[in-house]
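Next come the chains, spelled out residue by residue.
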Amino acid sequence: MLRFRTDLPLDRDTTARFLPWIIGFMVYLAMIAATVALLVDHVTQRWQRDLSGQLTVELPGIAGEDAAQRQQRVDAAMEEITDTNGVVGTRLLDETEVKRLLQPWLGDQADQLGVTLPDLVAVSLQPGIRPNLSELAERLQNVSPGAAIDDHAQFNAGALNFLRTIEVLALSLLALVLVATAGVVAFVARAGLSIHRRIVEIVHLVGAHDSYVARQFQAQAFRYGFMGAFIGSLLAAATLLSAGVFAARGAAPMSAAVKAFEPWMVWPLALIPLAAVLIAMITVRIAVLQALRRMAY
Amino acid sequence: MVLFDGVAVRYAAGPEVLRGISFTLAPGSFHFLVGPSGAGKSSLLKLIYLGLRPAAGRVELFGRDVSVLRRSDYPAMRRRIGVVFQDFRLIEHLSAMDNVALPLRIAGVRETDIKRHVPELLSWVGLKHHLDALPATLSGGQQQRVAIARAVISRPSLLLADEPTGNVDDQIGVRLMYLFEELNKMGTTVVVATHNEGLVGRFTHRQLRITQGTVKLVDPGAQAGAETGAADEHSEASYAAEAERQESA
């Protein structure tokens, strides 16, 4: 496969024999790292968009208040919220939903604790319009003392920070893998040059430019890079498909992220094997030309 | 074509192998480079084919001072020089055909031309039936002929042969010399390094004799010798004048 006529018997080098597998492994790691970075970025953006479009208003119960008074207070608060610029919808969460939300803190027997559960209002915001929350909070205090607005900013910031860290780590791994690939390829090229020094001298003495010799190594780098890229892409595709299947069954960790995979993501991922081949060829050219300049012939 | 002026050769920090070498090779001339083994014949040839830099003095090749040549200038100069190495320096994994085709491929000659010219030349040197043979399967003499074919395939302006008849019998040796003479008649400047005095004696070409690190010009045709170099500037001048005469002719 992909055989070129070369004056140097580069295929016989034991150091180069494992190059396709090494490049394949590097391409695999790079594709997985890039997939993680893409998914995390995508999920983060979507989450950011979703959360920035929502508020939760908590209306604590007032001691001694009967059901009618409570309903009147909640209605007044809902009216204040609805009248706020940028609010497109409000929904009062029913008791079951509130209990479910508080279940991690109060357990299943919240009724028996004698605690008055607050009323929670989920507020939907118009995209791109940020309501004046301090002004809303003031108005709510007048109709429902102790009302609190949660725009998820604190949780949002922490979670986004965590996701961005994962994304940066994945991108760093991707860069590291590409640099390591270049290093391995350069090492193999220099070893090949050293092994075939005698032949390189001969081709120089019969009139070859350094670039002629470099092209022979580039041809090998292209061939091995292509084989490695094929192997790595195949393994990465198999891994991602398996993750997709497990995620569909809800079994894989980060299944939400895996499910977020979209068809357009194939294109940036497809650039990685191509980049690996290009990096291998360019690295080889630079390494060989540098080494040749140090040779006497 | 080639000018040496006070040239010295030294390997690393060792003593000078050659010193005060001055001579001129006129275009179209034929010289034997004679001397015992280890006298420095190969070193002198290396200086000419840009395989070695002089420790002192000036070397001019095709009218250019080699000390000011850049690395990127070397290939163009080397393509005008054909070299037959003493150890052949064939590429082991390439066939006789591919070894001979190497200078042409490097020069970017079309494959159709290569496939026409290379077998023709290999037939001429008696290797018609060994086109696809690897060097390891050929005898010493056959390898030498492949090396000679590689050196002459691109019709060089200057042909350097280092002990080209060392591995062949006298009959083939003489035939190879006739090949070099044919090339010489077509305008190629030829330098044949040898320690085979018997072979040298059969021809009347000028001789550059290396003794004790210096070069002495001997012209059997004129029955006169002249030592070249700083020690004998008169002889050098005479030879240079002769070289100029040949060049203008």
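Sequence order as written defines the numbering, with residues in each chain counted from 1. The order in which chains are written sets their letters, starting at A; the order in which ligands are written sets their numbers, starting at 1. Restriction of local features to residues with pLDDT of at least 70 applies here, the model being predicted, together with a cutoff of 80 or more for giving and counting side-chain atom pairs; totals for whole chains, interfaces and linings are based on all residues. Side-chain metrics in this entry use all non-hydrogen atoms of the structure; hydrogen atoms and water are not considered.

**Digging into the overall build of chain B**
Strands here are runs of E lasting at least two residues and helices are runs of H or I lasting at least four, both read from the DSSP assignment and numbered beginning at the N terminus. Across its full length, chain B carries eight helices and 11 strands. Surface exposure here means Shrake-Rupley accessible area, sampled with a 1.4 Å probe, where a residue is shielded only by the protein chains that are shown. Counting only carbon and sulfur atoms, one obtains 49% of the accessible surface of chain B, whose full area is about 10900 Å².

**Observations concerning a nonpolar patch on the surface**
All names here are of chain A. On the surface, a cluster of nonpolar side chains totalling about 350 Å² of accessible area is made up of Phe 18, Trp 21 and Ile 22. Within the secondary structure layout, Ile 22 lies in helix H2 (residues 19-51). Residue Ile 22 is classed as partly exposed on the basis of its relative accessible area, which comes to 32%. Two distance rules govern patches: like charges are joined within 9 Å, and nonpolar side chains (Val, Leu, Ile, Met, Phe, Trp, Tyr) within 5 Å, applied only to residues with over 30% relative accessible area and no salt bridge. For this document, the term salt bridge refers to a Lys or Arg side-chain nitrogen within 4 Å of an Asp or Glu carboxyl oxygen. When a residue's accessible area, from a 1.4 Å probe over protein chains only, is under 20% of the maximum for its type it is buried; when over 50% it is exposed; and in between it is partly exposed.

**A look at the confidence of the model for chain A**
Scored from 0 to 100, pLDDT records how confident the predictor is in each individual residue. When pLDDT is averaged along chain A, the result is 87; 94% of the residues meet or exceed 70. Ranking the elements of chain A by mean pLDDT puts helix H9 (residues 255-259) of chain A last with 69 and helix H10 (residues 266-293) of chain A first with 94.

**Here we look at the confidence of the model for chain B**
Residues and elements named next belong to chain B. With 89% of its residues at a pLDDT of at least 70, chain B reaches an overall mean of 85. Averaged over each element, pLDDT in chain B is lowest for helix H8 (residues 233-248) (39) and highest for helix H3 (residues 96-106) (96). Interface confidence for the predicted complex, expressed as ipTM, amounts to 0.82; the pTM equals 0.74.

**Points about the sheet that holds strand E4 (residues 56-61) of chain B**
All names here are of chain B. Overall, antiparallel pairing links the four strands, which are arranged E2-E1-E4-E5 in an open sheet. Each having just a single partner strand, strand E2 (16-25) and strand E5 (64-65) make up the two edges of the open sheet. Pairing of strand E1 (residues 2-10) with E2, which is carried by six bridges, proceeds in the antiparallel orientation. The residue bridging Phe 4 from the neighbouring strand is Phe 23, located in E2. Against the sheet, helix H1 (residues 41-48) touches E1, E2 and E4, its axis set at about 125 degrees to E1. Should DSSP find at least two bridges between two strands, the strands are taken to pair. It only takes one pair of heavy atoms within 4.5 Å for two residues to be counted as in contact. All axes are obtained by fitting lines to C-alpha atoms, using only the stretch in contact for helices, and the reported angles, taken between N-to-C directions, cover 0 to 180 degrees.

**Concerning the sheet that holds strand E2 (residues 87-92) of chain A**
Residue and element names in this part refer to chain A. Spatially, E2-E3-E1-E4 is the arrangement adopted by the four strands of the open sheet, whose pairing is antiparallel. Only two strands of the sheet have a single neighbouring strand rather than two, namely E2 and strand E4 (148-150). Neighbouring strand axes in the sheet, compared pairwise and without regard to direction, differ in orientation by 25 degrees on average. Alignment of E2 against strand E3 (residues 119-125), held across five bridges, turns out to be antiparallel. Looking at E3, one finds that Gly 89 is bridged to Ser 124.

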